[in-house]
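# Structure assessment
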Amino acid sequence: WSSDVCSSDLPEPRINLGLLLLELGRAQEASEQFEAAGARDPSDFRAPLGQAKAMAQLGDARGSRDLAQRAITLLSDPNKPTTTERVFRQAQAHDLAQSDQRAVELYTLAMNVDPTRIASCEHAIGRILLRQGQERAAAERFARTIKADPGGAMEAMCDLAWIATAARDASL
């Protein structure tokens, strides 16, 4: 093994660590990892996209949108091949930038091209609809999420429960 393969100076380990820290709810530390990865490779869209997610968790909407716009720019490079992964990541970046219509278009494209992404794309579209105040349409998307992935749709089930509770409370 070369020492370069496991070097913490490479962007890949920092991005992976950042993603893990996000999962653990340690957004500030995750942001630092994504920032370091971006400094090492400024052309890697994963760094600003991950940092945008971290900033959103930290409650910095403006910072999140700015970083998401940077990721969109990097993902829109016409010299890079278009893959389902890139389309999905573009959708996430537009979602974080709150470019809702474009995000929905890209999530729809991603799930039509790659059926393994149906649950995650349906759930993301549902969250956008919820953000827009369209609870009924969001609930339909969350139901599709659960149908597409019954074993892994816990977050969509929680979102559906939240909608039902909010509707009940509004009727009281």
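Keep in mind that what you see is a predicted model, and the values were worked out from it rather than measured.

A cluster of nonpolar side chains, contributed by Leu17, Leu20 and Leu24, occupies part of the molecular surface with about 270 Å² of accessible area. By the element assignment, leucine 17 lies in helix 1 (residues 11-23).

Across all of its chains, the model carries one aromatic pair by this definition. Seen from the ring of phenylalanine 88, arginine 117 lies directly overhead, with NZ or CZ sitting 4.2 Å from the centre.

The final tally for this structure, using the stated rule, is 13 salt bridges. Salt-bridge contacts for arginine 131 lead to aspartate 95; the nearest nitrogen and oxygen are separated by 3.1 Å. Of the two residues, arginine 131 sits in helix 7 (residues 118-131) while aspartate 95 sits in helix 5 (residues 84-96), which places them 36 residues apart along the sequence. One salt-bridge network, in which partners are shared between bridges, spans Glu85, Arg89, Asp114 and Arg117.

Relative placement of two packed helices is described by the angle separating their axes and the distance separating the axes. Here helix 7 crosses helix 9 (residues 154-171) at 25°, and the two axes come no closer than 11 Å. By the angle between their directions, the pair helix 7 and helix 9 is classed as roughly parallel. For the element pair helix 7 and helix 9, the recorded crossing hand is left-handed. For the pair helix 7 and helix 9, the contacting residues are His123, Arg127 and Leu130 in the first and Glu155, Ala156, Asp159, Trp162 and Ile163 in the second. Counted by class, the contact of helix 7 with helix 9 contains four nonpolar, one polar and three charged residues.

Tyr107, Cys121, Ala138, Phe142 and Ile163 are the most contacted members of the largest nonpolar core, which totals 20 residues. Elements represented by at least two residues in this core include exactly helix 5, helix 6 (100-113), helix 7, helix 8 (135-148) and helix 9. If you tally residues by element for this core, the top one is helix 7, at six residues. With residues up to four places along the chain from it excluded, the contact list for tyrosine 107 reads Phe88, Ala91, Gln92, Asp95, Cys121, Ala124, Ile125 and Ile128. Core analysis: the next-biggest nonpolar cluster, separate from the first, contains 13 residues, Phe45, Leu49, Ala71 and Leu96 among them.

So, on to helix 4 (residues 61-75). Taking 1.5 Å per residue, 15 residues should reach 21 Å; helix 4 reaches 21 Å between its end C-alpha atoms and fits that length. Buried within helix 4 we find Gly63, Ser64, Leu67, Ala68, Ala71, Ile72, Leu74 and Leu75. Packing partners of the buried residues in helix 4 comprise helix 3 (46-57) and helix 5.

Unusually for a residue other than glycine, glutamine 98 sits at a positive phi of about 60°. Among the secondary structure elements, glutamine 98 is positioned in the loop between helix 5 and helix 6.

When pLDDT is averaged along the protein, the result is 87; 92% of the residues meet or exceed 70. Within the model, the stretch residues 1-8 combines pLDDT values under 50 with five contacts to residues more than four positions away or in other chains.

With that out of the way, let us pick up helix 5. Taking 1.5 Å of rise per residue, 13 residues should cover 18 Å, and helix 5 covers 18 Å from first to last C-alpha, within 8% of that figure. Counting buried positions along helix 5 gives ten out of 13 residues, so the element sits mostly inside the fold. Those residues of helix 5 that fall on the buried side of the exposure criterion are Arg86, Val87, Phe88, Gln90, Ala91, Gln92, Ala93, His94, Asp95 and Leu96. Buried positions along helix 5 lie against helix 3, helix 4, helix 6 and helix 7.

Conventions used here
Residues numbered from 1 in each chain as written. Predicted model: local features only at pLDDT ≥ 70, side-chain atom pairs only at ≥ 80, totals over all residues. Heavy atoms only, no water. Patch = residues over 30% accessible without salt bridge, like charges linked within 9 Å, V, L, I, M, F, W, Y side chains within 5 Å. Areas by Shrake-Rupley, 256 points an atom, 1.4 Å probe, with all protein chains shown as cover. Salt bridge = Lys/Arg side-chain N within 4 Å of Asp/Glu carboxyl O. Helix = DSSP H or I, 4+ residues; strand = E, 2+ residues; numbered from the N terminus. Phe/Tyr/Trp six-rings, centres within 6.5 Å; stacked < 30°, edge-to-face > 60°. Lys NZ or Arg CZ within 6 Å of the ring centre and 35° of its normal. Axes fitted to C-alpha atoms, helices over the stretch in contact; angles between N-to-C directions. Parallel < 35°, antiparallel > 145°, perpendicular 65-115°, else oblique. Left-handed = near helix turned anticlockwise from the far one by under 90°. Contact = heavy atoms within 4.5 Å. Nonpolar A, V, L, I, M, F, W, Y, C, P; charged D, E, K, R; others polar. Core = buried A, V, L, I, M, F, W, Y, C linked by side-chain atoms within 4.5 Å. Buried < 20%, exposed > 50% of the residue type's maximum accessible area, 1.4 Å probe, protein only. Expected span 1.5 Å × (residues − 1). pLDDT = per-residue confidence, 0-100.

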